[in-house]
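Each chain is listed here by its residues.
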Amino acid sequence: MGVGSSHGNGLFFRTLTEKQAEEIHLASCQVLEDTGMVIHHEEAVELLRQAGAHVENGNRVYFPSFLVKQALQSAPSRVTLYNRKGEAALHLEGANVYFGTGSDTLNYLDPFTLERRSWRQEDVANAIRLCDKLPNIDFVMSMGLLSDVDPRMINREQYAIMVQNTEKPQVVIAEDGDTLLDIIEMAACAVGGKERLRQKPLFMIYTEPTSPLQHPKESIEKLLIAAENGVPANFACGGVAGASVPTTIAGALVQANAEALSGLIIHQLKAPGAPFIYGYGNSPLDMRTMQAVYGTPEAVLFQGGAVDLAHYYQLPSWGYAGCSNSKVCDEQAIAESTMFTMMGALQGCNIMHDVFYMEFGITGSLELLVISNEVIGRTRRLLKGINTDKESLGVESIMRVGPGGNFLGDDHTAKHFRDNWFPDLSDFNNYENWTANGSKTMIERARDQIKQVLETHQPKPVTEEVKAQIGEILRKAKEKVGEKA
Amino acid sequence: MSDFTSLAELVINGNYNGAKDLTQKMIDNGNDPLEIINQGLMAGMNVVGVRFKAGDMYVPEVMMSAKAMSTGIELLKPLIADKDMPTAGKVVIGTVKGDLHDIGKKLVVMMMESAGFEIIDLGVDIDPAAFVKAVKEHSPQAIGLSALLTTTMLSMKDTIEALKEEGLRDSVKVVIGGAPISQSFADEIGADGYAADAASATELCRRIIA
């Protein structure tokens, strides 16, 4: 059994045995072959037909199992995302773990006025700027759905804000193929050309089937554009157990896996070897409230299963962390988000999104974001495990200090205490000092940190030339969507 | 236990095979069809409604009960004149143009049917003209528009405009729902109501149709 840490000696958690992974794989292949999928995209259907799939009624496609094998063979086992400077930032491989925000929440929990309100452009810019500063937030998604731009321009405007407010890599959502093409243009401007973007991708695209077993035209369109342009892509079912996927964890895995594999097949047929991130999510339907809920124990186990399947297939994995169903950043929010973050890390999920999601993803909280930044820091320390080299065993130090001595004044302590984790937000003061500092709770300290970052942190800007180019792409897009209307 | 009580029990327990058999037996024994519905099937469903509200029954169990009720109703329908069939109202529902998502809408349909509404489900990717046509054809008291995508929710406004153009807007209530939808959006586009989830959609329709 491998271990969850890139350092080789950390903590690790495995959800499925090798045999269970194979059982799920075979069941998914059966679904692909016997039930098939409805694919609302002619080119994709044609690609599949020519590759040997059986097609009925024009768009019902049955996938023979050899297509799965073929796609798994050509798909790379590792994908790297780069930052805006062109440095390798996220090595999506093995059991490396990275964390980032989610996209498109409807409401912003304003940390200063405490209102729950729609997002404006300046809010998203601030939120992304905060992410730029937080050391444990490795990538960004759009966070908020913009209420103050043309609805058909939202994803483009979000991208322009993201790329100008952080150098970190992004995961993007695009309304359709045209939007994705414009986002590719903007990213290419920021990194110095399309060829450079292809070689060192700054973002990945999140596309999805409509479960159960349907592929909308726009999703496939984006998948094919991504394959052609070397933009890393996933094809991630956002299952709702008990509604769009089966209520059992295993059944949900079987169907979501089948959907992801069908996306992979189309993607690899279009461009063999193009970068693909395997994964999907599951927000089980609460049978009392009819809400699709995040981070239930079953959802966490489901992710463990999905990640084990990714390891079984030797594909990079995609998942969730740091999200909650709570309406405000309270005890429930921290309990749910922390459990998901820590379990996701132990599962070795390569790229986890939705950190800062509240209310099933309808609302976003910057307080939850900065608290999660701290939780991720703790978790990362856990993943490093226990070093047992001679220096760490410290026998010489124990001999020096001897019975009744004190390690505080020993060289070994001075040399190594900084290897340990230090809090940024957690309070380790005694009661007197805590009250002297204003008796602040963690969420109050989180708000102070947000305020301080937003007042002082300026991310590295893009050049004036890039800024102008992005402005021009947006202007042309506005014309285009205007014409369509 | 009377047959009526037994039938109600079968509905409460979601035993649809049992409910079907007993309904047939009661028909054969010459019971009044409307009494079978009101004192047997609906009586059971009313208990289900109370238990669901109290949190003692969950939605999948309610679905099984609704299925038990409808297997009985299917047998009884031919024996009852249309105008005598008890119904809470007629609602046309669909996911708007450009949107293929229908899990949430299906939940609404199931919940409303189990509450006694007659639902005409147009499916997904329904353009304004198709809603207009359905309103003309079925004369529902309300139409329900669903969208999951922020891009497709704009089609809700187009649908309301189309109803106005055809002079149908005053004859039918328009209710909307879906993840990106809010009360303020409903107000903005001039919908009659917004429901945040399937259970409240049923309540909403009851309220605005009454």
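Calculation rules
- Residues numbered from 1 in each chain as written.
- Chains lettered and ligands numbered in written order.
- Predicted model: local features only at pLDDT ≥ 70, side-chain atom pairs only at ≥ 80, totals over all residues.
- Heavy atoms only, no water.
- Helix = DSSP H or I, 4+ residues; strand = E, 2+ residues; numbered from the N terminus.
- Rg over C-alpha atoms; globule rule 2.2 N^0.38 Å.
- Buried < 20%, exposed > 50% of the residue type's maximum accessible area, 1.4 Å probe, protein only.
- Contact = heavy atoms within 4.5 Å.
- Areas by Shrake-Rupley, 256 points an atom, 1.4 Å probe, with all protein chains shown as cover.
- Lys, Arg positive; Asp, Glu negative; His and termini not counted.
- Charge placed at Lys NZ, Arg CZ, Asp CG, Glu CD.
- UniProt positions renumbered as here; feature names shortened; annotations may be inferred.
- Pairing = 2+ DSSP bridges.
- Axes fitted to C-alpha atoms, helices over the stretch in contact; angles between N-to-C directions.
- Salt bridge = Lys/Arg side-chain N within 4 Å of Asp/Glu carboxyl O.
- Buried area = accessible area lost by both parts, 1.4 Å probe.
- Polar contact = N/O pair within 3.5 Å; in protein donor to acceptor, adjacent residues only side chain to side chain.
- Nonpolar A, V, L, I, M, F, W, Y, C, P; charged D, E, K, R; others polar.
- Domains from an automatic or database assignment.
- Right-handed = clockwise from strand over helix to strand, strands pointing away.

Draft legend 1. Structural context of the overall build of chain B. Counting secondary structure elements, chain B contains 9 helices and 5 strands. When its helices and strands are written in sequence order, chain B yields α-α-α-α-β-α-β-α-β-α-β-α-β-α. Relative to the compact-globule value of 17 Å for 210 residues, chain B shows a C-alpha radius of gyration of 18 Å, a close match. The principal-axis extent of the C-alpha atoms belonging to chain B is close to 55 × 35 × 30 Å. Looking at chain B as a whole, 48% of its 210 residues are labelled buried. Expressed as a percentage of contacts within chain B between residues at least 6 apart in sequence, the contacts between residues at least 24 apart total 70%. Carbon together with sulfur atoms contributes 51% to the accessible area of chain B, which is approximately 9800 Å² in total. Put simply, chain B has 19 plus and 29 minus side-chain charges, and the middle of one group is 1 Å from the middle of the other.

Draft legend 2. Fine view of the UniProt feature "domain: B12-binding N-terminal" (unreviewed entry) in chain B. Under the UniProt annotation, "domain: B12-binding N-terminal" (unreviewed entry) lies at residues 1-88 of chain B. Along residues 1-88 of chain B the backbone is 70% helical and 0% strand, and the end-to-end C-alpha distance reaches 29 Å.

Draft legend 3. Region of interest: the sheet that holds strand β7 (residues 107-109) of chain A. Residues and elements named next belong to chain A. Strand order in the open sheet formed by 4 strands is β8-β7-β19-β18, with mixed pairing between adjacent strands. With partners counted over all chains shown, the strands left at the sheet margins are β8 (116-118) and β18 (357-358), one partner each. Note: β7 against strand β19 (residues 363-365), 3 bridges, orientation parallel. Following the sheet pairing, Tyr-108 is matched in β19 by Gly-364. Across the sheet, helix α12 (residues 366-384) is in contact with β7, β18 and β19; its angle to β19 comes to roughly 50 degrees.

Draft legend 4. Focus on the pattern of salt bridges. All names here are of chain A. Counting across every chain of the model gives 39 salt bridges over all chains. Among the salt bridges present, the one from Glu-479 reaches Arg-475, with a minimum N-O distance of 2.8 Å. Taken together, the residues span about one helical turn, with Glu-479 and Arg-475 both in helix α18 (residues 464-484) at a distance of 4 residues. Judged by relative accessible area, Glu-479 falls into the partly exposed class, the value being 44%. You can call Arg-475 partly exposed: its relative accessible area is 41%. Linked by salt bridges that have partners in common, Arg-84, Lys-85, Glu-87 and Glu-167 make up one network.

Draft legend 5. Quick look at the interface of chain A and chain B. Listed per partner, the contact involves 18 residues of chain A and 15 residues of chain B. The junction of chain A with chain B conceals about 1500 Å² of combined surface from both sides, 75% of it contributed by carbon and sulfur atoms. Contact with chain B buries surface across chain A, with Met287(A), Arg288(A) and Met290(A) losing the most and accounting together for 34% of the total. Across the chain A-chain B interface, the total number found is 0 salt bridges. Our count for the contact surface shared by chain A and chain B stands at 1 residue pair in polar contact (both at pLDDT 80 or more). Considering only residue class, the side of chain A that touches chain B consists of 9 nonpolar, 7 polar and 2 charged.

Draft legend 6. Main features of the domain arrangement of chain B. All names here are of chain B. Domain boundaries in chain B define domain 1 (3-84) and domain 2 (89-209). Here the C-alpha centroids of domain 1 and domain 2 sit 28 Å apart. Taken together, the 8 residues of domain 1 in the interface contact 5 residues of domain 2. Run the count over domain 1 and domain 2 and you get 1 salt bridge. Linking domain 1 with domain 2 are 0 residue pairs in polar contact (both at pLDDT 80 or more), by the criterion used here. Split into classes, the residues belonging to the side of domain 1 that touches domain 2 amount to 7 nonpolar, no polar and 1 charged.

Draft legend 7. Highlighting the sheet that holds strand β17 (residues 351-353) of chain A. All names here are of chain A. The 7 strands lie next to each other as β6-β17-β16-β14-β12-β10-β9, forming an open sheet whose pairing is parallel. Of all strands in the sheet, those bounded by a partner on one side alone are β6 (98-99) and β9 (170-172). Bridge analysis of strand β14 (residues 276-279) against strand β16 (residues 317-320) gives 2 bridges, and the strand direction is parallel. Residue pairing in the sheet places Tyr-278 in a bridge with Ser-317 of β16. In this fold helix α9 (residues 249-270) packs onto β12 (233-235) and β14, with an angle of close to 170 degrees to the strand it touches most, β14.

Draft legend 8. Just the pairing of strand β2 (residues 117-121) of chain B, in detail. All names here are of chain B. Where strand β1 (residues 89-95) lies against β2, 5 bridges are found, and the strand directions are parallel. In the sheet register, Ile-93 faces β2, and the bridge partner there is Asp-121. This β-α-β element, β1 to helix α5 (residues 103-114) to β2, shows right-handed connectivity.

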